[in-house]
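Now for the letters of each chain:
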Amino acid sequence: QVQLVESGGGLVQPGGSLRLSCAASGSISSQYRMGWYRQAPGLQRDMVATLTNRGSVNYADSVKGRFTISRDDAKNTVYLQMNSLKPEDTAVYYCNSPRLYSNGYYFPWGQGTQVTVSS
């Protein structure tokens, strides 16, 4: 089964940038949609951004214009470029592939990568 490993998080000041990576242990080229999700303490996990293998993107309203999702199927990796970071972006970030015709996801969740935005 494909395993996902997120990396690239850290502590950054407000207004700063980070680039997250999600490396899959197997091929993601057949996955129609890949996405980034985040979970802040005490809150549910929410969608941040998704990208199909046809280039269609969807962003949460809170990150539009600041975050950019991309995927490199040859490297089995999904990226999230985060600019103009705000304290409310603080969360653990995860990637996964949402199922097409039902709730849930194709892969087990990875450990995530912590993003902390603070001065």
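Residues numbered from 1 in each chain as written. Predicted model: local features only at pLDDT ≥ 70, side-chain atom pairs only at ≥ 80, totals over all residues. Heavy atoms only, no water.

Undergrad: Whenever I open this one, the pattern of salt bridges confuses me. Can you help?
TA: Two side chains with opposite charge may pair up if their charged atoms get near one another. By the definition in use, this model includes four salt bridges. Between R38 and D89 there is a salt bridge whose closest N-O contact spans 2.9 Å. Note that R38 is positioned in strand β4 (residues 33-39) and D89 in the loop between β8 (77-82) and β9 (91-96), a separation of 51 residues in sequence. D89 shares its class with R38; the two are buried. D61 is the partner of K64 in a salt bridge, and the nearest nitrogen-oxygen pair spans 3.0 Å. A relative accessible area of 48% places K64 in the partly exposed class. Because the salt bridges share partners, they merge into one network encompassing R38, R66 and D89. (Salt bridge = Lys/Arg side-chain N within 4 Å of Asp/Glu carboxyl O. Helix = DSSP H or I, 4+ residues; strand = E, 2+ residues; numbered from the N terminus. Buried < 20%, exposed > 50% of the residue type's maximum accessible area, 1.4 Å probe, protein only.)

Undergrad: What am I meant to see in a nonpolar patch on the surface here?
TA: Judged by side-chain polarity, L100, Y101 and Y106 come together as a nonpolar surface patch covering roughly 360 Å² of accessible area. With respect to the helices, strands and loops of the structure, L100 is situated in the loop between β9 and β10 (113-117). (Patch = residues over 30% accessible without salt bridge, like charges linked within 9 Å, V, L, I, M, F, W, Y side chains within 5 Å. Areas by Shrake-Rupley, 256 points an atom, 1.4 Å probe, with all protein chains shown as cover.)

Undergrad: How should I be thinking about the sheet that holds strand β6 (residues 57-59) in this particular structure?
TA: Think of a sheet as strands paired side by side through backbone hydrogen bonds, with each pair either parallel or antiparallel. One open sheet accounts for six strands, arranged β2-β10-β9-β4-β5-β6; its pairing is mixed. The outermost strands of the open sheet, each flanked by one partner alone, are β2 (10-12) and β6. Taking the axes of each pair of neighbouring strands and ignoring which way they run, one obtains an average angle of 20° across the sheet. Examined bridge by bridge, β9 and β10 share three bridges and lie antiparallel to one another. Within β10, the position partnered with V92 by the bridge is Q114. (Pairing = 2+ DSSP bridges. Axes fitted to C-alpha atoms, helices over the stretch in contact; angles between N-to-C directions.)

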